[in-house]
Amino acid sequence: MLGDLQPWHIIVLLVVLFLLFGAKKMPDMARSVGQSLRIFKSEMRQSQKETEDVAKQANEAARVTPAVETVVTAPVADAAQKQANAS
């Protein structure tokens, strides 16, 4: 199946890397990759926390209900009666 990573693919990749970079540089490269991944994960966690904080603040701001003015109006029948009495 296309796209499946077989064990021999990994072996070939490691042999090619070994031939290109040599045995001395391989541990340094692995260490650098590991450190880069740790930094990346840390930044992703921090970004996710900031996003959650912003979403929390937005939810709290949305919960605040604005003041609603109430207007008292007379029923239509009372208005018609008052108009009839005034005539």
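The paragraphs below set out a description of the structure included in this document. Numbering of residues begins from 1 in every chain and follows the order in which that chain's sequence is written. At least 70 in pLDDT is required for a residue's local features to be given in this predicted model, at least 80 for side-chain atom pairs to be given and counted, and no such filter applies to totals for whole chains, interfaces and linings, which use all residues. Based on all heavy atoms of the structure, the side-chain values leave hydrogens and waters out of the count.

A few points about the overall build of the protein
Alright, step 1. Strands here mean DSSP runs of E at least two residues long; helices mean DSSP runs of H or I at least four residues long; both are numbered from the N terminus. Helix and strand counts for the protein stand at two helices and zero strands.
Alright, step 2. Residues classed as buried in the protein amount to 0% of the 87 residues present.
Alright, step 3. Roughly 8500 Å² of accessible area belongs to the protein as shown, and the carbon and sulfur atoms make up 63% of that amount. When a residue's accessible area, from a 1.4 Å probe over protein chains only, is under 20% of the maximum for its type it is buried; when over 50% it is exposed; and in between it is partly exposed. Residue exposure ignores everything except the shown protein chains as possible cover, and the areas themselves are Shrake-Rupley values with a 1.4 Å probe.

Here we look at helix α1 (residues 7-63)
Alright, step 1. Compared with the 84 Å implied by 1.5 Å per residue over 57 residues, the 55 Å span of α1 between its first and last C-alpha is markedly short.
Alright, step 2. In α1, a bend of some 105 degrees at Gly22 exceeds every other bend along the element. Expected span of a helix: the number of residues minus one, times 1.5 Å. One fitted axis covers the seven residues ending at a residue, a second covers the seven starting there, and the bend at that residue is the angle between these axes.

Looking at a nonpolar patch on the surface
Alright, step 1. Two distance rules govern patches: like charges are joined within 9 Å, and nonpolar side chains (Val, Leu, Ile, Met, Phe, Trp, Tyr) within 5 Å, applied only to residues with over 30% relative accessible area and no salt bridge. Salt bridges are defined by distance alone: a side-chain nitrogen of Lys or Arg within 4 Å of a carboxyl oxygen of Asp or Glu. There is a patch of nonpolar side chains on the surface, built from Trp8, Val12, Val16, Leu20 and Phe21 and spanning about 520 Å² of accessible area.
Alright, step 2. Relative to the helices and strands, Phe21 resides in helix α1.

Some remarks on the pattern of salt bridges
Alright, step 1. All told, the structure shown has one salt bridge when counted by the stated rule.
Alright, step 2. With a shortest N-O distance of 2.9 Å, Asp28 and Arg31 are connected by a salt bridge. With Asp28 and Arg31 both in helix α1, this residue pair falls three residues apart, about one helical turn.
Alright, step 3. We classify Arg31 as exposed; its relative accessible area is 53%.

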